[in-house]
Amino acid sequence: MKRRQFIKSTLAAGVLAPALGFKPSNTQKSHLITFSFDDGFRKSFIKLAEIHEDFKLQACLNVIASGHMPDFKQVDDWILPELMGDFDLWNDLSKKGHEIMPHSWKHSNLAKLDPYEAKKLIAKCISYFNENLTGFDPERSVFNFPFNSSNDDLDQFTLSLVRAVRTRGDGGINPLPSKNTRYIIGCTSNGPENNDAWVDQKVDEFLAMDGGWLVFNLHGLDNEGWGPVSEPYFIELLERLVSIKNLEIIPTGMALDKYAV
């Protein structure tokens, strides 16, 4: 979508929201967007943190607990051991205000494993974060299922350990978070090719709605990860979005901290 078309559509969305019956409070916007980045690519996540800082935003970064370990194995064509960051980096980014959340122990498709084994891996991942990420609080954390693949049993088990899970979703549109929110957060994802045009389309469609919480599941920048976005595009996108009055860009856990109280 061209810049002029984008601005036209976002202005229209801002005008239409009250007419469609949505009246945001003074503290909550009508539209929330979360750009939730998975896996833990060192190069991309450092750059994503810098980009968000330039706009006075916090990045939403989800990392594989064992990704930095010597025995970590390549998962697919995109998750390679040499690309992964470590907990020195994750602690540094967390201290800068970015959200660092668990994205499994080793990126297995948990819904395809024996349930007992899957639950062991989930618990192991959360335990490792608790021991190695300064300030990590399971009761305020979001577990991000690899491949967005879970089931009711795994969701409920994981919710006994953490505050929320991010998993499969119908289009990634969620209700605005509130104290009554059921903390199974749906997301939308696309790949394996570049996602710039797809993200634009999804954002445009969302801003034409009267409100909600759109959660993207993205991965790396440029050529890193499954379905990456390009760095210049993402910078331009944030530049456009931060000027929209009734829109807030916020990580998943921070959205719950702010609104689900």
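This text goes with the structure placed above it.
What this report covers is the structure whose coordinates are included nearby. (Residues numbered from 1 in each chain as written. Predicted model: local features only at pLDDT ≥ 70, side-chain atom pairs only at ≥ 80, totals over all residues. Heavy atoms only, no water.)

The full count for this structure, using the stated rule, is 14 salt bridges. The salt bridge involving R163 is made with D257; its shortest N-O contact spans 2.6 Å. Of the two residues, R163 sits in the loop between α5 (152–159) and β5 (164–167) while D257 sits in helix α8 (residues 252–259), which places them 94 residues apart along the sequence. Classification of D257 as partly exposed rests on a relative accessible area of 28%. Here E248 ties to K258 by a salt bridge, and the two come within 2.8 Å at their closest N and O atoms. You can see E248 sitting in strand β9 (residues 247–249) and its partner K258 sitting in helix α8, a full 10 residues away along the chain. On the basis of relative accessible area, K258 is assigned to the partly exposed category, the value being 45%. Bridged by salt links that share partners, the residues K47, E50 and E231 form one connected network. (Salt bridge = Lys/Arg side-chain N within 4 Å of Asp/Glu carboxyl O. Helix = DSSP H or I, 4+ residues; strand = E, 2+ residues; numbered from the N terminus. Buried < 20%, exposed > 50% of the residue type's maximum accessible area, 1.4 Å probe, protein only.)

On to unusual backbone geometry, then. A cis amide bond links G191 to the next residue, P192, at an omega of 5°. Inspection of the secondary structure assignment puts P192 in the loop between β7 (184–186) and α6 (196–207). Phi angles above zero are rare outside glycine, and D39 is one such case at about 100°. Here D39 lies in the loop between β1 (31–37) and α2 (42–54). With a relative accessible area of 3%, D39 lands in the buried category. Even without glycine at this site, H107 takes up a positive phi of about 65°.

So, on to the pairing of β5. The two faces of β5 match: A164 and R166 on one face and V165 and T167 on the other face are all buried. Here strand β4 (residues 142–144) runs beside β5; their pairing, made up of three bridges, is parallel. Note that in β5 the partner of N144 across the bridge is R166. Considered for its hand, the β-α-β crossover made up of β4, α5 and β5 is right-handed. Relative to β7, β5 runs parallel, the two being bridged by three bridges. Looking at the pairing, R166 lines up with I185 of β7. (Pairing = 2+ DSSP bridges. Right-handed = clockwise from strand over helix to strand, strands pointing away.)

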